[in-house]
Amino acid sequence: MDATEYPPNTTMITCARECVMHLVHQISESTTQMANIKKLSSKKVIFLGFAVVLSLLTALMTIWSQSISRYNERLQTITDQLIETQHVFAMRDAAYQRAIILHRMAAMKDPFDRNDEYMTFKSLANNFITARDKFQDVDNAKGEHMLIWSRARPMIKMNAQLQNDTAELIMEDRLDEAQKRLVDQVKPVQDVVMSELTKLFDVERVNAVRKLQTAKQESQLLYVTVTIISAVVLIIGAFIAWLVARRTNDSEKHLLENSEKIRDLYALSGNAKLSFDEQIDATLRLGCRPVSYTHLTLPTMQ
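The structure reproduced in this document is the subject of the present report. What you see is a predicted model; the values in this text were computed from it and never measured.

1. Here we look at the packing of aromatic side chains
Turning to step 1, where the next piece is worked out: Within the structure shown, the criterion is met by four aromatic pairs.
Turning to step 2, where the next piece is worked out: Residues F135 and W149 carry aromatic rings whose centres are separated by 5.1 Å and whose planes lie at 65° to one another, so their mutual orientation is edge-to-face. With F135 in helix α2 (residues 111-137) and W149 in helix α3 (residues 144-171), the pair connects residues that are 14 residues apart, well separated along the chain. Across this residue pair, the class does not change: F135 and W149 are buried.
Turning to step 3, where the next piece is worked out: Considering the side-chain rings of F239 and W242, the 6.0 Å spacing of their centres and the 35° angle between planes classify their relative orientation as tilted. Highlighted residues: F239 and W242, both in helix α4 (residues 175-269), separated by three residues, approximately one helical turn.
Turning to step 4, where the next piece is worked out: Overall, F239 belongs to the partly exposed group, its relative accessible area being 43%.
Turning to step 5, where the next piece is worked out: Accessibility expressed as a relative area gives 47% for W242, which makes it partly exposed.
Turning to step 6, where the next piece is worked out: Above the ring of F121, the side-chain terminus of R98 is found at 3.9 Å from the ring centroid.

2. Section: the layout of surface pockets
Turning to step 1, where the next piece is worked out: Quantified by volume, the largest pocket comes out at close to 280 Å³.
Turning to step 2, where the next piece is worked out: In terms of lining, the largest pocket is formed by 16 residues, of which the most central are F128, R132, I156, K157 and A160.
Turning to step 3, where the next piece is worked out: Counting only elements with at least two residues in the lining of the largest pocket, the list comes to α1 (9-107), α2 and α3.
Turning to step 4, where the next piece is worked out: Per-element accounting of the lining of the largest pocket gives the leading share, eight residues, to α3.
Turning to step 5, where the next piece is worked out: By residue class, the composition of the lining of the largest pocket is seven nonpolar, four polar and five charged.

3. Brief notes about α2
Turning to step 1, where the next piece is worked out: Between its first and last C-alpha, α2 extends 39 Å over 27 residues, near the 39 Å set by a 1.5 Å rise per residue.
Turning to step 2, where the next piece is worked out: One side-chain oxygen at the N-terminal end of α2 lies 3.0 Å from the backbone nitrogen of F112; it belongs to D110.

4. Digging into unusual backbone geometry
What is expected of a backbone is that most residues other than glycine have negative phi and most peptide bonds are trans.
Turning to step 1, where the next piece is worked out: Positive phi, normally seen in glycine, also occurs at D173, with a value near 65°.
Turning to step 2, where the next piece is worked out: In this structure, D173 sits in the loop between α3 and α4.
Turning to step 3, where the next piece is worked out: The exposure class of D173 is exposed, given its relative accessible area of 54%.

5. What to know about the packing of α2 against α3
Turning to step 1, where the next piece is worked out: For the pair α2 and α3, interaxial distance at closest approach is 12 Å and the crossing angle is 165°. Classified by the angle their axes make, α2 and α3 are roughly antiparallel. Relative to α3, α2 is oriented so that their crossing is left-handed. Along the contact surface, α2 presents R114, N115, Y118, F121, K122, F128, R132, F135 and Q136, while α3 presents W149, R153, I156, Q163, N164, A167, E168, I170 and M171.
Turning to step 2, where the next piece is worked out: Across the contact of α2 with α3, the residue classes tally to nine nonpolar, four polar and five charged.

6. Some details on the environment of L57
Turning to step 1, where the next piece is worked out: Assignment of secondary structure puts L57 in helix α1.
Turning to step 2, where the next piece is worked out: C-alpha separation for the pair L57 and V233, spaced 176 residues apart in sequence, amounts to 7.7 Å.

7. Structural notes on the nonpolar core
Turning to step 1, where the next piece is worked out: Formed by 32 residues in total, the largest nonpolar core has its most connected members in M91, L102, F128, I156 and I170.
Turning to step 2, where the next piece is worked out: Elements represented by at least two residues in this core include exactly α1, α2, α3 and α4.
Turning to step 3, where the next piece is worked out: With 10 residues, the single largest contributor to this core is α4.
Turning to step 4, where the next piece is worked out: What L102 contacts, discounting residues up to four positions off in sequence, is F121, Q163, T166, A167, I170, L182 and V186.
Turning to step 5, where the next piece is worked out: By size, the runner-up hydrophobic cluster in this structure holds 10 residues, among which are V53, L56, I229 and V233.

Calculation criteria
Residues numbered from 1 in each chain as written. Predicted model: local features only at pLDDT ≥ 70, side-chain atom pairs only at ≥ 80, totals over all residues. Heavy atoms only, no water. Phe/Tyr/Trp six-rings, centres within 6.5 Å; stacked < 30°, edge-to-face > 60°. Helix = DSSP H or I, 4+ residues; strand = E, 2+ residues; numbered from the N terminus. Buried < 20%, exposed > 50% of the residue type's maximum accessible area, 1.4 Å probe, protein only. Lys NZ or Arg CZ within 6 Å of the ring centre and 35° of its normal. 1 Å grid on protein atoms, 1.4 Å probe; cavity = no way out; pocket = protein on both sides within 12 Å on 5 of 7 lines; lining within 4 Å. Points joined across faces, edges and corners; volume = space filled by probe spheres on them. Nonpolar A, V, L, I, M, F, W, Y, C, P; charged D, E, K, R; others polar. Expected span 1.5 Å × (residues − 1). Polar contact = N/O pair within 3.5 Å; in protein donor to acceptor, adjacent residues only side chain to side chain. Axes fitted to C-alpha atoms, helices over the stretch in contact; angles between N-to-C directions. Parallel < 35°, antiparallel > 145°, perpendicular 65-115°, else oblique. Left-handed = near helix turned anticlockwise from the far one by under 90°. Contact = heavy atoms within 4.5 Å. Core = buried A, V, L, I, M, F, W, Y, C linked by side-chain atoms within 4.5 Å.

Okay, here's the thing in structure tokens:
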């Protein structure tokens, strides 16, 4: 065996150790670089995801607060509309009851019963005036109801005066004259007043129903919007959680594999029981590529 065909054992061992150290250094750099890349990529994805989630939550809170304010205004408007409807109904009912009482008073013979009915007649007049004043206190300067009310007001005034005059005739026992006025004057004017108040009541009721329908549609739209935004937030949050868990799992797995490989290489390089050939073979099985050996001629057994 010629000595020139074999490198000295010390040289081969040194080269093997250099190979191991080179591989360890490459593994460490590769691990660090991959960890940094994954960390940077994960940071970008997580930051973007949380930014989207926060933006959606901000939009959700803004929509919710604006909707609450708008609903409060809408409910106040509906409440005012229903109160107006109640006032119109009170006026209509008072006018109707006064007309009935007049006919009943004209047919009564007992003056005490007639006087009781007359007191009720006056009480209904007070109820009508109270409802009318409350209705006029509300802003009714616009819309169809204002047009109807402008037509009804003079007729209401005329009807009240005719009813009061007829009631005075009845209380004075001038029943024939009272009956004639009831038929010729009170009833025609009363029919016009009841017709106008009925129209006004219907307009107020329709407006209230329309506003309720509008509020219902807005609430349904808000429900759909909030549901969609909430679903998107949950999906993005779940995706971020899954991404972080996967990245963490991959990083831990990669670090464990490289740590085991480095430990095996250190154990191999420090194992004195193995021959040089066995160390080279084991190193190659671990994935080492001894580039520093390319200028050497491996020994051949003869």
